[in-house]
Each structure stands twice: as structure tokens, then as C-alpha cells.
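# Analysis of the macromolecular model
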Amino acid sequence: MSETFLSIQGVRKAFGQTTVVKDFNLEVARGEFVSFLGPSGCGKTTMLRMVAGFEEPTAGRIMIGGKDVTNLKPNQRNIGMVFQAYALFPNLTVSQNIGFGLKVAGASKAEITDRVKEMLSIIKLEGFGDRYPYQLSGGQQQRVALARALAPKPKILLLDEPLSALDAKVRISLREEIRAIQKKLDITTIFVTHDQEEALSMSDRIVVMYDGKAEQVGTPFEIYNRPSTKFVANFVGTLNVLDGTVVDPATATVRINDRDISLKKGQLNGAKAGDVLSLALRPEAIVLGKQDGRDTNLGGQISDVSFLGSVIRVRVGLGKNAVSLDTFNSPASPPPVVGERTEISFSSDDLLVLH
Amino acid sequence: MKPSRFWAWLTFALGAAYFFIPLIATFEFSLRMRRGEYSFDAYRVVFGDVRFQETFAYSTIIACFTIVIGVLLVVPTAYWIRLRMPQIRPVVEFITLLPLIIPAIVIVFGYIRMYGSNSPLPFLATTRGTDVLLMIGYATLALPYMYRAVDTGLRTIDVRTLTEAAQVHGAGWTTIIVRIILPNVLIAVLSGAFLTFAIVIGEFTMASLLNRPAFGPYLQNIGANRAYEPAALAVISFAITWGCMSVIQVLARFAPKSANNPN
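Residues numbered from 1 in each chain as written. Chains lettered and ligands numbered in written order. Predicted model: local features only at pLDDT ≥ 70, side-chain atom pairs only at ≥ 80, totals over all residues. Heavy atoms only, no water.

### Examining a negative patch on the surface
All names here are of chain A. On the surface, a cluster of negative charge is made up of E284, D295, D349 and D350. As for its placement among the helices and strands, E284 is situated in the loop between β14 (276-281) and β15 (287-288). Residue classification places E284 among the partly exposed positions, given a relative accessible area of 48%. (Patch = residues over 30% accessible without salt bridge, like charges linked within 9 Å, V, L, I, M, F, W, Y side chains within 5 Å. Areas by Shrake-Rupley, 256 points an atom, 1.4 Å probe, with all protein chains shown as cover. Salt bridge = Lys/Arg side-chain N within 4 Å of Asp/Glu carboxyl O. Lys, Arg positive; Asp, Glu negative; His and termini not counted. Charge placed at Lys NZ, Arg CZ, Asp CG, Glu CD. Helix = DSSP H or I, 4+ residues; strand = E, 2+ residues; numbered from the N terminus. Buried < 20%, exposed > 50% of the residue type's maximum accessible area, 1.4 Å probe, protein only.)

### Notes on a nonpolar patch on the surface
Residue and element names in this part refer to chain B. Taken together, L97, L100, I101, I102, I105, V106, F109, Y145, L195 and L209 make up a surface patch of nonpolar side chains, about 850 Å² in accessible area. If you list the elements that add at least two residues to the nonpolar patch, you get α4 (89-101) and α5 (104-114). Assignment of secondary structure puts L100 in helix α4.

### With respect to empty space enclosed by the protein
Residues and elements named next belong to chain B. Evaluated as defined, the whole model comprises 1 cavity of 30 Å³ or more. Empty space within the largest cavity amounts to approximately 30 Å³. Surrounding the largest cavity, T66, G70, V74, A139, A142, L143, M146 and T196 form its lining. Elements supplying a minimum of two residues to the lining of the largest cavity: α3 (50-83) and α6 (127-155). Here the lining of the largest cavity gets 4 residues from one element, more than from any other, and that element is α6. (1 Å grid on protein atoms, 1.4 Å probe; cavity = no way out; pocket = protein on both sides within 12 Å on 5 of 7 lines; lining within 4 Å. Points joined across faces, edges and corners; volume = space filled by probe spheres on them.)

### What to know about the domain arrangement of chain A
Residues and elements named next belong to chain A. When the domains of chain A are assigned, the result is domain 1 (4-235) and domain 2 (240-354). Listed per partner, the contact involves 8 residues of domain 1 and 6 residues of domain 2. Buried surface at the junction of domain 1 and domain 2, summed over both partners, amounts to about 590 Å²; 54% is from carbon and sulfur atoms. Broken down residue by residue, the surface that domain 1 buries against domain 2 is led by Y224, K230 and A233, which jointly contribute 70%. The interface formed by domain 1 and domain 2 contains 3 residue pairs in polar contact (both at pLDDT 80 or more). Elements with a minimum of two residues in the side of domain 1 that touches domain 2: α7 (220-225) and α8 (230-235). (Domains from an automatic or database assignment. Contact = heavy atoms within 4.5 Å. Buried area = accessible area lost by both parts, 1.4 Å probe. Polar contact = N/O pair within 3.5 Å; in protein donor to acceptor, adjacent residues only side chain to side chain.)

### Overview of the UniProt feature "domain: ABC transmembrane type-1" (unreviewed entry) in chain B
The residues that UniProt annotates with the feature "domain: ABC transmembrane type-1" (unreviewed entry) are residues 56-249 of chain B. The span residues 56-249 of chain B shows a helical share of 81% and a strand share of 0%, and its end C-alpha atoms are spaced 24 Å apart. (UniProt positions renumbered as here; feature names shortened; annotations may be inferred.)

### Considerations on unusual backbone geometry
Residue and element names in this part refer to chain A. Its identity as a non-glycine residue notwithstanding, K124 has a phi of 55°, on the positive side. With respect to the helices and strands, K124 occurs in the loop between α3 (109-122) and α4 (138-150). Of the residues examined, K124 reaches a relative accessible area of 56% and is grouped as exposed. Phi angles above zero are rare outside glycine, and K153 is one such case at about 55°.

### Concerning the sheet that holds strand β1 (residues 4-15) of chain A
Residues and elements named next belong to chain A. Strand order across the open sheet formed by 4 strands is β2-β1-β4-β5, with antiparallel pairing between neighbours. Only two strands of the sheet have a single partner each, and these edge strands are β2 (18-29) and β5 (67-68). Sheet strands in contact with helix α1 (residues 44-52) are β1, β2 and β4 (59-64), and its direction is about 120° off that of β1. (Pairing = 2+ DSSP bridges. Axes fitted to C-alpha atoms, helices over the stretch in contact; angles between N-to-C directions.)

### Let's talk about the interface of chain B and chain A
The interface is formed by 23 residues belonging to chain B together with 24 residues belonging to chain A. Summed over both sides, the interface between chain B and chain A buries roughly 2200 Å², with carbon and sulfur atoms accounting for 65% of that surface. Here chain B is connected to chain A by 1 salt bridge. Our count for the contact surface shared by chain B and chain A stands at 6 residue pairs in polar contact (both at pLDDT 80 or more). At the level of secondary structure, the elements contributing two or more residues to the side of chain B that touches chain A comprise α7 (159-168) and α8 (173-184) of chain B. For the side of chain B that touches chain A, the element with the highest residue contribution is α7(B), accounting for 8 residues. For the side of chain B that touches chain A, the residue count by class is 10 nonpolar, 8 polar and 5 charged. (Nonpolar A, V, L, I, M, F, W, Y, C, P; charged D, E, K, R; others polar.)

### Focus on the confidence of the model for chain B
Close reading of the predicted structure is inappropriate where its pLDDT is low. Confidence along chain B averages 89 in pLDDT terms, with 95% of residues attaining 70 or more. Predicted confidence is poor over residues 259-263 of chain B, with pLDDT under 50, and the contacts of this stretch with residues over four places away or in other chains come to 5 contacts. (pLDDT = per-residue confidence, 0-100.)

### Topic: the packing of α3(B) against α6(B)
All names here are of chain B. At their nearest, the axes of α3 and α6 sit 7 Å apart, and the two run at 45° to each other. By the angle between their axes, α3 is oblique relative to α6. Seen along the crossing, α3 lies across α6 with a hand that is right-handed. Residue composition of the contact of α3 with α6, by class: 22 nonpolar, 2 polar and 4 charged. (Parallel < 35°, antiparallel > 145°, perpendicular 65-115°, else oblique. Left-handed = near helix turned anticlockwise from the far one by under 90°.)

### Let's talk about the pairing of strand β16 (residues 296-307) of chain A
All names here are of chain A. Sheet topology places β16 next to strand β19 (residues 341-346); 6 bridges connect them, and they run antiparallel. Directly across from N297, in β19, lies its bridge partner S345. Bridge count between β16 and strand β17 (residues 311-318): 6 bridges; the pairing is antiparallel. Residue pairing in the sheet places Q301 in a bridge with G317 of β17. Connecting β16 to the next strand, β17, in antiparallel fashion are 3 residues, including G309 with a positive phi near 95°.

Here it is in C-alpha cells:
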């Protein structure tokens, strides 16, 4: 990782007896886009608000550009922030909203006019400068909010679930736009979301949070493919969990539905013979029927078929276990039928042991 | 006409009659000063009376200063309670309601005892000091209306998020209140201001007991000694009140519109 720009060191936040952020540590490089991903109440917004200065950490410190900002007020941190509810000032026009931070900072009129023009061009809303927020759609308002946050050239951009109030189509186009602008301006960005798809598609790195702690920090690829805890595996993406009994710890062999399967060495993590392990498998790692290159087959019965358009989601019962898998829809072949006996195959390398 | 509509219209007509008949009768009586014909003589006398001009001007000036005191007191208080201390809102609401429960005469006697010439704060020792005390007293009387108007205005905006958005963009408290909060609750503030104005213009007890030349004591004095002029003054007072309400309605059209509630 290149030079650290934002450093969060041992931060804890308690409200009375309740600790909502526990010993949080994170180093963010300059220009990096990091997402805080987690369910409601996991502490991600509180952590973001501490970076912004709206909440004071109970312990720990926050450094921006090598400077300790833990005790600085929000208006002294030079941070840009976009809120879930847009938070545009209703009494100001689009131009005045964008120029607000610059005006407060005492910039000259010409400087403000130039920067506002530049920002309107970046967010592709030229000609909207004289409109009021109520005359804009939700997506346009959020773009103005982004321009307002970026206009004073902040050190860090904070995005607090900026897409969650928008409809699905606008959300997708806006997240691409936000990412493109962030890359263009090379601004260090923290993005808070509970939407895994947003986090996976936009981020350089993701911090998956649960119960006030960072469960795992990694690239989207690592988070999805190599979840380090049961929570991360369950929260990010769809996951099949199979029960497997350890047969031989020396060879990392486990038994699933009377079939012995060899796992990668070291995956058992000290489990003893007879221990029951939770083994995770992504739906895309499983195929219906036998297939070359996949070393494990299990017999089962189709218990449910859901037609989702381009894909068909099939649920297969495997004794006491059950898995979901996706097959592409093909007009030439009929979809699987509920009650049919079938086989599934997968590569044992794709099995993850959840701890 | 549907039966439900008939009853609705009947209720409306009875209500309107209850309100308008005394007003029309007062207006009609105010025109009878000249024997045998209608005229605006009573209004001419009232407007020509130097005491009317002086007392009305005095009360208008006092009302303006009272509004300033009210805005300076209520806007930051209501804002801060919404932002940081929502738990004490019931207590503040109760306090702001007290002027409706405690008669003005009790308040003014309290003032006379507390702020006499021998007290550490001798407001009553000078004429200007008494004027200031009168304004503070009026601000207290108008508190229930001003506080509620401003609080209702604050309820229509997301105070916390707007404050945080302004803060994160570098604004301090004065900028936030003057440039963001106040413009967005301006109509509510103006509603409170005009209600304050209406209260101050007609108030008698405080002005009379503090011996100030206000419009309220003048109204009382004219009412006790003349026949037609009090009726003319009553109609003028109504016109002032309605004028204030009309201004509120007109200004409401220019209120900053919320993005979520553009109408």
C-alpha cells in the first residue's frame, strides 16, 4: 500500500454503557476508496461520524495527512461529506449550494464562480445552477451534494449511504459516476453502505463491520472469495453452508453425506476427528450434473426452482444439507423439475471452512 | 345538494354569522357619528387625534423591538433544543406556556417589585429602562406564540443534517443560524413576529401599570369616554390584525421550499 493518508488508531466509541465501535484500526492510502460495509447497528456510520468530527471517540485517535484531528471540530477538518438525505440547503440555489464551502472559507467571487462552473460540468448539470433543490430529482440532488462536498477541495470525502434513498436504476448509474469522479480527482474516500453490491463494485478495499468491530479488511475479491469469518461469508453474497464431519485431520479429510472429501492442508485449523465443521460453498461454484475438473459429486433431489430471467436458481436437498445453485437460462433446454433426482458437482478447493 | 353538504354549509353559515354580524354592526355603528347619514367622521377624528398617532407610533416601535428580542431569544433556543437537547423540550414548552396561565398583572407587579429604583437592576428608574422592561414583558407575553411558530418551522426542516452539512463545509454557529436555519424558518418567524405585533398593539395591562403611552391604554381611554370612536378603533384594530395575517400568507409564497415537500 502506498503512503497512509487516513489513519484510525484503536478507536472506541461508547454511548453510556453501550460500546458501538470497538478497537477500530484502519490505514487508508491517499486516493483510495474504502467502503464500510455491514448491517444496521454495526457501528459503520458512527465510525464515519467520528472521522467527520460529529462524534468524539471515547478512546483512540484519528490522523489525516499525518495530523491528529481527533479533537478538531468538523468545520476545522477540511472534509467533504455527502449525506443519505442529500442535505442540500433549501434556501440556496444549486450554484449557491456548491459554492457554500468556498464562500464560508472566504474565497473570492470569481474563484467561487469558476469552481462552481467546473463542478457543474463534472456532475453534468450545466444549466442547472439557478435552480433550487426542490426543482431537482433525487439523483440530481445527490450529484449536487457531491459537487458541494468536492468544491472546496477537501482532504477526504465521506459518503454516508448516499445512494440508499434513490431508485435502483439511478443508484447504479450514480455509483458509477461517483467512482469515476473519485478516480478523476484522486480523492481519498470513505463510503458507508449496507449494500454489498455497491461496496463490491465501487471499492478498492472493503471493511466488513459487525458488532462494532472490523471483521475483515480486504479487496472486494478477497472479501468475496476468501471470507475470514462466518459472518463475512454469510453477509457478503449468497452462501451454502454444509455440515462436514472430520474423518482424518492428518489428511484434512471430511465427510459430507457419506462422501469423503479432502480439503486443502491447514484448513481444518486444529479440528479433531469427529468434529463437525461448517463448510461454505458459493452457488457459482456448484453445477448441476457431473462436470470435468470438479472432483466432488453429491447426489440429491431438486426441492425448489426459481426462474429469475437470465438465470434459474435451483435448490437441491442433500440429506440433512441443502444447497442453492444458479444455472443459465437456455430457451433450448427445459428448466429442472422439482422432485427430480440429480447430482451436483464442485471442486473441493472451493470449499471454505468457516470458523 | 347532498344532506352532508347541507349541514356543512349550514355550520359554516352559522359560524360566519357569529363572527361577521358583530363586526358589521360595529362598522355600521362607527359610521353613524354624523346625525342622519353615514360618514367616516369617527375615523377622521381618530386618525386626526395626536394621541392616536403618538400611542400607535410608540406601540409600533415597542412591537418592533419586542419582535427582535423574541427572535434573538427564541430562534437559537428552539434550534438548540431540537439539535442537542430534545429531552428538555417538554420543560421548555411548559415554560413558554406560562404566560398564558399567569395573568399579565401578576407579571407586571413582579417586575415592579423586582426592578424598582432600589433593585440591583433598576429598569424602572428611567423612562428608557421602563421601555426596555415593557419590551421584555411583551416578549414574555408573546413567547407561547413565537416559540410554537418557530418550533413548527424547525419541524419542517431536517435541522440536524442541515447543521452537519453546513459544519462539515466549514461553517460556524453564527453562519449556520443566519445563513441556513433562519432563512428556512423565516415564514414561521414572521408568523410569530406578526402575532407578537398584534399582541403588543392591543396590550393594556402592562403598559398601563408601567405608565407608558401605548396604544392599549389609549384604546381603553377612548372606549370609556367616547361613543363612535371606539367602534372605529375596533374596526381599525381588526384591519391591522387582518393586514398582518394577509402579509403572512403573502410571504408564505416566498418560503424556501423543501425538496421533499415542494408544495
